[in-house]
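# Coordinates in review
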Amino acid sequence: MKTYQTSLLISLALLALVACKTESDKPSTGVTWPAVNSPIQKDPAMEARISELLSRMTVEQKVGQMIQAEIRYITPEQVKKYHIGSILNGGGTFPNNDKYASEMDWVNVAEAYYQASVDTSDGGLGIPVIWGTDAVHGHNNVVRATLFPHNIGLGATRNPALIRRIGAATAREVSATGVQWTFAPTVASPRDDRWGRTYEGYSEDPAIVRQFAAEMVKGIQGEAGTDELFSPSKMVATVKHFVGDGGTQNGRDRGDARISERELRDIHAQGYVAGLGAGAQTVMASFNSWNGERLHGSFHMLTEVLKNQMGFDGFVVGDWNGHGFVKGCDFTQCAQSVNAGLDMFMSIQEWPQLLENTIKQAKNGEIPMARIDDAVRRILRVKMRAGLFDGMSPKARAKINGVGDVLGNPEHRALAREAVRQSLVLLKNKNGILPLSPKANILVAGDGAHNIGKQSGGWTLSWQGTGNTNEDFPGATSIYDGLKAQVEAAGGQIRLSEQGEYTDKPDVAIVVYGENPYAEWQGDINSLEYQPATRADIKLLSALKRDGIPVVSVFLSGRPLWVNAELNQSDAFVAAFLPGSEGAGVADVLLTDAEGRAQYDFVGKLSFSWPRDLSQVQLNVGDKEYDPLFAYGYGLSYGDTDTLADNLPEDRAAFATAMGPVPLGIFESRVLDPWSMYARTPEGRVAATTNSLSDAWISITGHDYLLQDDARRIAFTGRGKAAAQIASDMPVDFSGFVASDAALIMDLRVNQQPEGDVELGMHCLPDCAGAVSVTDAMAKKPAGQWQKFSVDMTCLVKAGLQADRVSAPFVLSSAGTLDISLANIQLMPGKASEADVRCSE
């Protein structure tokens, strides 16, 4: 033990020297962080075991433990050969690349990686690999799993005991597939609701985040000091993303949190204080920066604060290639991150190069061996605490948890349905229209009524939650399914019509609508206005109201939005957030029983403030100037009197004037609603729904610009005239943009100069278009460099565009060869005079 203590002192001394080699070389701010007394303490016998194991490990074996690779890019044989410490499956990655893989398929793949890692036949040490997954609202990567409401809905329940039960159910379903580690819970305190990950936060209030973080960790891992801690039905939890991801400027994902360290601690770190206090064993470093410094490279935050002041003794894992964004780094090398305190790289495709370079950096002293040993000690400590060294394989764990019978079992679905009921928040109930009798004649409308993918949101079977159909959710219920079952059982009438069509006039219409699924930065928005382009849902609500039909709105969203117009046209308005797979829970609250008695009252209370006007993008309880439409904690019950008026201000132009020009996004990391991307060729129009389309005329594929898959590469073969277009069947009025001297602006990279004429334009309904040649302007752009490129909208109007009925705001066509990449396509007011192609003089 004395030798170990001496070694530890030397390591600490060397770690102190590391600080001057990292990106973080800032003076102390004088802010003291709380020491976290984890209920899981170091075990001297375990530490001695780790020391003995470390003494037998080569540099190659140690660095291998610090690598986490994505299962698409690593085999079990490679895990064995390179002593890899961890694997993960990203959103939309499945065993054998099969979306419909069974539980046993998952188990068998987990078993193969595990057996490879513990194989000592070639002289390896047999250190078990640990598999991580984003089980953020249930085991959401697996078909048939129970999907719970996203965190924004759980925050509205104000029920900590429910949160722990959900954590436990999730852990059991994940464990039944052989996976031992989840990258959850997210413990951010979102401050700007334009952020695309707002729905991953429990609340804007750090007190709620703190309380729920602890309960979720206990549910996932088991409570320390009891037999359930890391039992076969539990797994390792992660509190993420450390730290400040919910406080970035303008709500930009992976952006910069320009705030004081005191605010960082008191608002954005409270979930870590509680989560680590409950025993969370891993922390994920955040993609964002804090006052200009990337967290993946911050010695101050990862080592001085998290490990030294707070006393965290688990390990810090990176986010998806997050180390590559640290100054001086790329995806294949980043000594700065390791020296700052990152213990495990999350490396995707480039892990072999990263492994090789990190070994070299360890051997040449760029990364001190003391830092390598500290990182590996932490990784081994967590693996031992979690029971991975106890000899129980993934297949054995899965068998104990009842593989084949656990995913989506009745007990878990009942729990999720209970969570849906408690998460609903009643914002309006004019004249007490709710609850409704199931004996009534009910029309159910809206594109969210019978759409389980939409009600489940992002991180659902795919990264963005897109590309799914109801058939992908066996055993789940849409909101309409739940309403239909109860209405028909009571003898009422119910009709589903997405567009609100009917023959016999209904007694009431329940309209289910809201945001389509998104995740991470692809969900970032510029304005909190709901449906700023088409305003399709307000048209539906207004049509029903004109017919004298009472309207109950069920609003699906991952954040508060400005919905004054929709509120005005609704007799009742329910914030349902993203309820998950058990949509029947909505009917439990909206409908009475057959005798007219309320089945369940509304108990949900807003955990996020709701905006009164479009300028309130940062609106949080405790603000000096706080004037929301619905305050934090608001939520009606059936015994309350609703006093909300039907004449809330709807003047978008007035708010836009006060805020300055607001661009309209068309493509920002993804094609934004209501549009989709297509290729048009002599054979017709084909949707590029998977961001990967290729035929004889044109190809459209994903391309990395600043972030993963945040651009599109469009290549024309020159066989004949083809077009890439972003379009919708619903026209949008762009006349206001023409009047405000707007330009169609984008980020452009010319990969291959055009051979032949290239046109850029827009289409309009019923059969009109306006396009201009951009060949010369595009040819002036240097190849291989990203630059701004824009066209004055007046040019398109002069060429025949009717701007009040635009159906395709982007149409790029050519008959010759052309290879370009595009990102961030917007309509930007006031930019016509700066456009590459101008017509407004």
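Computed from a predicted structure; not experimentally measured.

Further remarks concern the overall build of the chain. Tallying secondary structure elements over the chain gives 25 helices and 30 strands in all. At 27 Å, the chain has a C-alpha radius of gyration in line with the 28 Å of a compact globule built from 841 residues. Its C-alpha atoms give the chain principal-axis dimensions of about 85 × 75 × 50 Å. Out of the 841 residues belonging to the chain, those deemed buried represent 63%. Within the chain, residue pairs in contact and separated by at least 24 positions form 78% of the contacts whose partners lie at least 6 positions apart. Summed over its atoms, the accessible surface of the chain is roughly 29400 Å², and 48% of this surface lies on carbon and sulfur atoms. With 77 positive and 99 negative side-chain charges, the chain shows a separation of 3 Å between the mean positions of the two kinds.

Judged by nonpolar contacts, the single largest core of 118 residues is most densely connected at Phe242, Tyr272, Leu276, Met301, Met310 and Leu380. Broken down by element, the residue count for this core peaks at eight residues, all from helix α8 (residues 206-221). In this structure, Ala533, Val732, Phe737 and Ala803 belong to the second largest nonpolar core, which totals 51 residues.

We now examine the sheet that holds strand β20 (residues 684-687). Taken together, the six strands give an open sheet; going across it, the order is β20-β19-β24-β29-β26-β27, and neighbouring strands pair in antiparallel fashion. Of all the strands in the sheet, the pair left with one neighbour each is β20 and β27 (768-773). Across the sheet, the mean angle from the axis of one strand to that of its neighbour is 25 degrees, orientation sign disregarded. In terms of strand pairing, strand β19 (residues 676-681) meets strand β24 (residues 722-727) through five bridges, oriented antiparallel. Of the residues in β24, the one forming a bridge with Arg680 is Ala723.

Tallied over the full model, the rule gives 45 salt bridges. Taking the shortest distance from any N to any O, the salt bridge between Arg377 and Glu47 comes out at 3.1 Å. Residue Arg377 is found in helix α14 (residues 369-385), and its partner Glu47 is found in helix α2 (residues 44-55); the two are separated by 330 residues along the sequence. Taking relative accessible area as the criterion, Arg377 reaches 11% and is therefore assigned buried. When its relative accessible area of 6% is taken as the criterion, Glu47 is described as buried. Across the salt bridge formed by Asp253 and Arg254, the nearest N and O atoms sit 4.0 Å from each other. Grouping residues by exposure puts Asp253 and Arg254 together as buried.

Quick look at the sheet that holds strand β15 (residues 508-514) now. An order of β12-β17-β16-β15-β13-β14 is seen for the six strands of this open sheet, with the pairing classed as mixed. Here the strands that pair on one side only, and so sit at the sheet edges, are β12 (425-429) and β14 (493-496). Adjacent strand axes in the sheet meet at a mean angle of 15 degrees when their direction is disregarded. Judged from the four bridges that link them, β12 and strand β17 (residues 572-575) form a sheet pairing that is antiparallel. Paired with Val425 across the bridge in β17 is Ala575. Contacting β13 (441-445), β14, β15 and β16 (551-556), helix α18 (residues 479-490) runs over the sheet at an angle of about 160 degrees to β14.

Covered by surrounding structure in strand β1 (residues 67-70) are Ile67 and Ala69 together with Gln68 and Glu70, the residues of both alternating faces. In this sheet, strand β11 (residues 345-347) lies alongside β1 in parallel orientation, the contact comprising three bridges. Bridge pairing links Gln68 to Met346 in β11. Examined bridge by bridge, β1 and strand β2 (residues 86-89) share three bridges and lie parallel to one another. Each bridged residue has a counterpart across the sheet, and for Gln68 the counterpart in β2 is Ser86. Tracing the backbone out of β1, into helix α4 (residues 76-82) and back to the parallel element β2 gives a crossover that is right-handed.

Right, let's get into the packing of α2 against α14. How two helices pack is summed up by the angle between their axes together with the distance between the axes. The geometry of α2 relative to α14 is characterised by a closest axis approach of 10 Å and an angle of 130 degrees between their N-to-C directions. What the angle tells us is that α2 and α14 run oblique. Viewed along their axes, α2 and α14 form a crossing whose handedness is right-handed. Here α2 contributes Met46, Glu47, Arg49, Ile50, Ser51, Leu53 and Leu54 to the contact with α14, which in turn contributes Asp373, Val376, Arg377, Leu380, Arg381, Met384 and Arg385. Grouping the constituent residues of the contact of α2 with α14 by class yields seven nonpolar, one polar and six charged.

This part is about α8. Its 16 residues place the ends of α8 22 Å apart at the C-alpha level, agreeing with the 22 Å of an ideal helix rising 1.5 Å per residue. For α8, the tally of buried residues reaches 13 of 16 residues, placing the bulk of the element in the interior. At the N-terminal boundary of α8, the capping side chain belongs to Asp205, with an oxygen 3.0 Å from the backbone nitrogen of Ala207.

This part covers the packing of α8 against helix α10 (residues 270-277). Direction vectors running N to C along α8 and α10 enclose 25 degrees, while the axes themselves pass 7 Å from each other. One element, α8, and the other, α10, form an angle in the roughly parallel class. For α8 against α10, the interelement crossing comes out right-handed. Contacts from Pro206, Val209, Arg210, Ala213, Ala214 and Val217 in α8 reach Gln270, Gly271, Val273, Ala274 and Gly275 in α10.

Below, the discussion takes up the packing of aromatic side chains. Taken as a whole and judged by the stated rule, the model has 20 aromatic pairs. Geometrically, the ring pair formed by Tyr202 and Phe212 is edge-to-face, given 5.4 Å between the ring centres and 75 degrees between the ring planes. In this pair, Tyr202 sits in the loop between β4 (181-182) and α8 while Phe212 sits in helix α8, placing the two residues 10 residues apart along the sequence. Side by side, Tyr202 and Phe212 carry an identical accessibility label, which is buried. Both rings, one in Tyr530 and one in Phe555, keep their centres 5.1 Å apart while their planes meet at 90 degrees; by these two values the pair is edge-to-face. Here Tyr530 is found in the loop between β15 and α19 (536-546), whereas its partner Phe555 is found in strand β16, with 25 residues between them in sequence. Neither Tyr530 nor Phe555 differs from the other in exposure class; each is buried. Three or more aromatic residues link up through ring pairs in this structure, and these residues are Tyr513, Tyr530, Phe555 and Phe573. A cation sits over an aromatic face here: Arg421 above Tyr600, 4.0 Å from the ring centre. One Lys or Arg, Arg685, reaches over the ring of Tyr678 and ends 3.7 Å from the middle of that ring.

Okay, empty space enclosed by the protein next. A full pass over the atoms with the stated rule returns eight cavities of 30 Å³ or more. Roughly 160 Å³ of volume is contained in the largest cavity. Looking at the lining of the largest cavity, the elements that each hand over two or more residues are α6 (151-157), α7 (160-175) and α8. A breakdown of the residues in the lining of the largest cavity according to their chemical character gives 12 nonpolar, six polar and one charged. Looking at the second largest cavity, its volume works out to about 120 Å³.

The topology assignment puts His137 in the loop between β3 (130-133) and α6. Given the relative accessible area of 2%, His137 is considered buried. A distance of 3.0 Å separates the side chain of His137 from the backbone oxygen of Trp459, its partner in a polar contact. Ignoring any residue separated from it by four or fewer positions in sequence, one finds His137 in contact with Thr146, Leu147, Phe148, Pro149, His150, Ser456, Gly458, Trp459 and Thr460.

Once that is clear, we can look at the confidence of the model for the chain. Regions with low pLDDT should not have their predicted coordinates read in detail. Residues at a pLDDT of 70 or more form 95% of the chain, whose mean pLDDT is 93. Below pLDDT 50 for its whole length, residues 1-27 participates in 33 contacts with residues either more than four positions away or in separate chains.

The rules behind the values
Residues numbered from 1 in each chain as written. Predicted model: local features only at pLDDT ≥ 70, side-chain atom pairs only at ≥ 80, totals over all residues. Heavy atoms only, no water. Helix = DSSP H or I, 4+ residues; strand = E, 2+ residues; numbered from the N terminus. Rg over C-alpha atoms; globule rule 2.2 N^0.38 Å. Buried < 20%, exposed > 50% of the residue type's maximum accessible area, 1.4 Å probe, protein only. Contact = heavy atoms within 4.5 Å. Areas by Shrake-Rupley, 256 points an atom, 1.4 Å probe, with all protein chains shown as cover. Lys, Arg positive; Asp, Glu negative; His and termini not counted. Charge placed at Lys NZ, Arg CZ, Asp CG, Glu CD. Core = buried A, V, L, I, M, F, W, Y, C linked by side-chain atoms within 4.5 Å. Pairing = 2+ DSSP bridges. Axes fitted to C-alpha atoms, helices over the stretch in contact; angles between N-to-C directions. Salt bridge = Lys/Arg side-chain N within 4 Å of Asp/Glu carboxyl O. Right-handed = clockwise from strand over helix to strand, strands pointing away. Parallel < 35°, antiparallel > 145°, perpendicular 65-115°, else oblique. Left-handed = near helix turned anticlockwise from the far one by under 90°. Nonpolar A, V, L, I, M, F, W, Y, C, P; charged D, E, K, R; others polar. Expected span 1.5 Å × (residues − 1). Polar contact = N/O pair within 3.5 Å; in protein donor to acceptor, adjacent residues only side chain to side chain. Phe/Tyr/Trp six-rings, centres within 6.5 Å; stacked < 30°, edge-to-face > 60°. Lys NZ or Arg CZ within 6 Å of the ring centre and 35° of its normal. 1 Å grid on protein atoms, 1.4 Å probe; cavity = no way out; pocket = protein on both sides within 12 Å on 5 of 7 lines; lining within 4 Å. Points joined across faces, edges and corners; volume = space filled by probe spheres on them. pLDDT = per-residue confidence, 0-100.

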